[in-house]
Each structure stands twice: as structure tokens, then as C-alpha cells.
Amino acid sequence: MVTGGLGYIGSHTVVELMQKGYQVHIIDNLSNSSLDVLEGIQRITGEIPPYDIFDLTEKDKVFQFFSKNSFDAIIHFAAFKAVGESVEKPLLYYRNNLNSLINILDGALNFGTKNLVFSSSCTVYGQPDDKDLPVTENSPIMPANSPYGNTKQISEEIITDFIKSNPQFSAILLRYFNPIGAHPTGFIGELPRGVPNNLVPFITQTAIGLRQELSVFGDDYNTPDGTPIRDYIDIMDLVDAHIVAVERLTKGQTKKNPEVFNLGTGRGLTVLEVIKTFEKVTEQKLNYKIVGRREGDIEKVWADTSFANKELGWKTKRTLADSLETAWKWEQYYQKNA
Ligand code: NAD
Ligand code: UD1
């Protein structure tokens, strides 16, 4: 069961699961995606997987769904993720992200599904002290700087408490850093509704002429070129880790409950480094300008990935150039076919 399976990370994971021979069932309510994604999935895999369109905050629908299907594992991607919007509409975020999770756990408990992979975020680390960089899974959890971030912290706590009273249930919490890029075919990719908040879709939409100019939010941070540092991980590397996590759960190989892993590359890059690499690999001149800082942004964070590398036997393989190339390929494909 893949919730949010028509979204950015979900759709790429669905494709890889299908190509590995898994039977996948998608649930989505199209709040941040569209049925067109199925076409991309079909172009890559030759099939449209089973899917149901409903809202996971509706408990009756969730229970009805579980009563008709059984699953070896759930990957729970479905959530709202715009940090800024969550500050403006906190209740929307708490209701959607927490009620969905509670309903899924309740459904799993009542209908016998025992394994969960949960999409968490590096946002749980807030702005770590310099001495704590790169962050490990044991780095301190900082007070969340947005309601979105808080939903991830609370979700991790809900899952942990749920497991204490239901130890037959196992979970892996994956803390993503900054996923970027698209499927190498360019048939699926990141497709935010409206104006993108995230850096890479804003870059590709500017390069293709949909947006006039990219605003770089601040160049007065304490970093080599003054722009913030993030750990950008290719979507396909991120997906690989989900496959390993599902296998680990279904084969009963987890060593703790829940297990927590950082999914990043271990390398921090500045915004200007990303822009320059994009210009180089795509031979596009990007129109950008430095503006003031964006509220809520942190200065720098990147992952210590040694625990995930060792325990999961997983390593990132793609470079920043690979990710920006696939993101650009997807943007061009989408604008031609939209
Ligand atoms: P996305 O918005 O592209 O995908 C989420 C999908 O879930 C969408 O298709 C949306 O329609 C669906 N959805 C949302 N609420 C739902 C509900 N109540 N019922 C049914 N479907 C619902 O986002 P994404 O980038 O693919 O992110 C997936 C997960 O990873 C999210 O939990 C997000 O918080 C987490 N995450 C993302 C990033 C990132 O930068 N993309 C970073 C860290 C963590
Ligand atoms: C944030 C959260 C992450 C969350 C994600 C969802 C942190 C550390 N990370 O990522 O957990 O899941 O949002 O969307 O809080 N930038 C520009 N111009 C733009 C857009 C972005 O300069 O138009 C810069 C930002 O200032 C930032 C970098 O690019 O330094 C990456 O920004 P973005 O892609 O929005 O991701 P985060 O804010 O890091």
C-alpha cells in the first residue's frame, strides 16, 4: 500500500516497486497530484497499478479500504509539505498529516498489516549547532520551526507510542534531506501545483520560461558563498532506500523498533552551487537575483549517512549533475506534453 503514490516521491517509488515485481496499490486524494501521473507510470512500467482516490483523513473510507485488501507493508507518503503554508494554516496541516497517520495505524491494527515505512524529514533536526554537523540519527531533535515540521516530529512520536503497545507492528522512519531530480526516462518528476516553493522545480520552470526570475533567498549566511547549505539527494537514490526498507521489514530484519535512518548524500551544497551546476549541465543561462532571506529558512544542514550506509547496505549513486539533468529532462517533457 503506497499512500500519496501519485505524488513526487510516491510515484517514483511505485515505479521501482513495480519493476522489482511488487504488487502495489496506490491511495491518493489528488490534493497535490493528478491522475496524469498514471500515464507516466504506464509509459515506464507498461501498466497502470490499482489505485483508489479518497482522503485518508476519513476513517470510514480507510477502514473500508483495509477491509477489502491486505498488505505486507505500507509506505506512508501522503501528507501536506509546504512549510510556509503550514505557518499560515496550521490546523490544515495538523488535521491532514496527523489524522491520516492515525487512521492508517488504526486500520493496520484492525485488519492485520504489520509493517510501515514513514516519510519523515531532516526538519526534525531544526538548525543544528555547527559542532553537530553533519547530523546523525542521534543528533538532538530541536523544537520545530513550522507546524509542518511539528507534524513530522509528532508523527514519529505517534508511531513510537503505537509500537510500544503493539510490538507485533514494525516501522522504519526515513528522514529525507532534500530530494531532487526525476525518473531517468523523464516521464515522471516533481510537479508542484501552482508556484513551486522548492528550489529545483523553481529553477527548471525559470529556465523553461514559465517563471521570469529565480529569487535566491539570502547571500549573507555563514557559508562559503553566503547562500544556505542543504543535502540534495537524487530521487532515485531515495527510492532505492525505500525498497531496502520494505524488504528489511517484510523479512523481519529490523534491529530496533522503530528504526530511524537519515537519507541524504553526506554532502552539503550551497544554492549557488546548485544553480551553477544546473547552468553547466543543461547549457541554460538562468535568470536569478539575490533577494532577502526567506522566513523560516535555516542556514545549513547535511546528513551523516554512515548508519544508513552500513545498516541498510545502501549508498547514493547519482551526482548533483545527474539529478539536475533528469529534472530538466522532465520539465521539457512535461511542458511539451501538458
Ligand atoms: P507530494 O505532495 O508530491 O506527494 C504527497 C501526495 O499525498 C500527493 O499526491 C497528495 O495528493 C497526497 N495526499 C496528501 N494528503 C492526502 C490525504 N489526506 N489523503 C490521500 N492522499 C493525500 O509530496 P512528496 O514530495 O512526494 O512528499 C512525500 C512525503 O515525503 C511527504 O510526507 C513529505 O512530507 C515527505 N518529505 C518530502 C520532502 C521533499 O522535499 N519533497 C522532504 C522531506 C519529507
Ligand atoms: C524544507 C524542509 C524539508 C521539507 C521541505 C518540503 C528544512 C531544512 N527542510 O526544505 O524538511 O520537507 O522544505 O518542501 O527545513 N531557495 C531559493 N529560492 C527558491 C527556493 C528555495 O533560494 O525559490 C533556497 C532556500 O532558501 C533553501 C534551498 O533553496 O536554502 C532549498 O529550499 P527548498 O527546496 O524550499 O527546501 P528546504 O527549505 O531546504
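Predicted, not measured: the structure shown is a model, and the values here were computed from it.

Asker: So, the layout of surface pockets: which residues are in play, and what are the values?
Answerer: By rolling a water-sized probe across the atoms, one finds the places where empty space is left. Each pocket or cavity is described by its volume, and for the second largest pocket that value is around 340 Å³. Along its surface, the second largest pocket is lined by 16 residues, and Met1, Gln23, Phe71, Asp72 and Ala73 are the ones closest to its centre. In the lining of the second largest pocket, the residues fall into 10 nonpolar, five polar and one charged.

Asker: Talk me through the site of ligand 1; I want residue IDs and the actual numbers.
Answerer: The environment of ligand 1 is made up of 29 residues, and the closest members are Ile9, Asp28, Asn32, Ser33 and Asn96. Here Asn32 contributes a side-chain N or O atom positioned 2.7 Å from an oxygen atom of ligand 1. Here Ser33 contributes a side-chain N or O atom positioned 2.7 Å from an oxygen atom of ligand 1. Its free accessible area being 820 Å², ligand 1 has 96% of it covered by the protein chains. Sorting the residues of the shell around ligand 1 by element identifies α1 (8-19), α5 (90-111), β5 (115-121) and α6 (147-165) as the ones contributing at least two each. No other element matches β5, which puts three residues into the shell around ligand 1. Grouping the amino acids of the shell around ligand 1 by side-chain chemistry returns 14 nonpolar, 11 polar and four charged.

Asker: Which residues make up empty space enclosed by the protein, and what values go with them?
Answerer: For the structure shown, the criterion picks out three cavities of 30 Å³ or more. By volume, the largest cavity amounts to about 70 Å³. Lining the largest cavity, in full, are Tyr8, Gly181, Ala182, Glu190, Val200, Pro201, Thr204, Ala327, Trp330 and Glu331. At the level of elements, α7 (199-207) and α11 (320-337) are the ones that each hand at least two residues to the lining of the largest cavity. Within the lining of the largest cavity, the residues separate by chemical class into six nonpolar, two polar and two charged. Empty space within the second largest cavity amounts to approximately 50 Å³.

Asker: Can you tell me about the side chain of Ser323, naming the residues and giving the values?
Answerer: Its place among the elements puts Ser323 in helix α11. Among the polar contacts made by the side chain of Ser323, one reaches the side chain of Asp234 at a distance of 2.8 Å. Dropping the residues within four chain positions of it, Ser323 is found in contact with Ile180, Gly181, Ala182 and Asp234.

Asker: Describe the pattern of salt bridges, listing the residues and the values that go with them.
Answerer: Within this structure, the stated rule accounts for 22 salt bridges. With its nearest N and O atoms 2.9 Å apart, the salt bridge here joins Arg248 to Glu311. With Arg248 in helix α8 (residues 235-250) and Glu311 in helix α10 (residues 306-312), this pair connects stretches of sequence that are 63 residues apart. Between Lys300 and Glu299 there is a salt bridge whose closest N-O contact spans 3.6 Å. According to the relative accessible area criterion, Lys300 is buried, its value standing at 8%. Where salt bridges share partners, they join Asp237, Asp240, Lys317 and Arg318 into one cluster.

Asker: Quick rundown of the sheet that holds β5? Include the residues and the values.
Answerer: Spatial strand order, β3-β2-β1-β4-β5-β6-β11: seven strands in an open sheet with parallel pairing. Only two strands of the sheet have a single neighbouring strand rather than two, namely β3 (51-53) and β11 (259-263). Here strand β6 (residues 170-176) pairs with β11 via five bridges, running parallel. From the neighbouring strand, Leu174 faces β11, where its bridge partner is Phe261. The sheet strands contacting α5 are β1 (2-3), β4 (74-76) and β5, and the helix crosses β4 at an angle near 170°. Contacting β4, β5, β6 and β11, α8 crosses the sheet at an angle of about 165° to β6.

Asker: Describe the packing of α1 against α8, with residues and values.
Answerer: It is at 9 Å that the axes of α1 and α8 come closest, and there the two elements cross at 60°. With respect to each other, α1 and α8 are oriented oblique. The two elements α1 and α8 cross, and the hand of that crossing is right-handed. Here Tyr8, Ile9, His12, Thr13, Glu16 and Leu17 of α1 lie close against α8, whose contacting residues are Ile235, Met236, Leu238, Val239, Asp240, His242 and Ile243. Across the contact of α1 with α8, the residue classes break down as eight nonpolar, three polar and two charged.

Cut-offs used in this document
- Residues numbered from 1 in each chain as written.
- Chains lettered and ligands numbered in written order.
- Predicted model: local features only at pLDDT ≥ 70, side-chain atom pairs only at ≥ 80, totals over all residues.
- Heavy atoms only, no water.
- 1 Å grid on protein atoms, 1.4 Å probe; cavity = no way out; pocket = protein on both sides within 12 Å on 5 of 7 lines; lining within 4 Å.
- Points joined across faces, edges and corners; volume = space filled by probe spheres on them.
- Nonpolar A, V, L, I, M, F, W, Y, C, P; charged D, E, K, R; others polar.
- Near = heavy atom within 4 Å.
- Polar contact = N/O pair within 3.5 Å; in protein donor to acceptor, adjacent residues only side chain to side chain.
- Areas by Shrake-Rupley, 256 points an atom, 1.4 Å probe, with all protein chains shown as cover.
- Helix = DSSP H or I, 4+ residues; strand = E, 2+ residues; numbered from the N terminus.
- Contact = heavy atoms within 4.5 Å.
- Salt bridge = Lys/Arg side-chain N within 4 Å of Asp/Glu carboxyl O.
- Buried < 20%, exposed > 50% of the residue type's maximum accessible area, 1.4 Å probe, protein only.
- Pairing = 2+ DSSP bridges.
- Axes fitted to C-alpha atoms, helices over the stretch in contact; angles between N-to-C directions.
- Parallel < 35°, antiparallel > 145°, perpendicular 65-115°, else oblique.
- Left-handed = near helix turned anticlockwise from the far one by under 90°.

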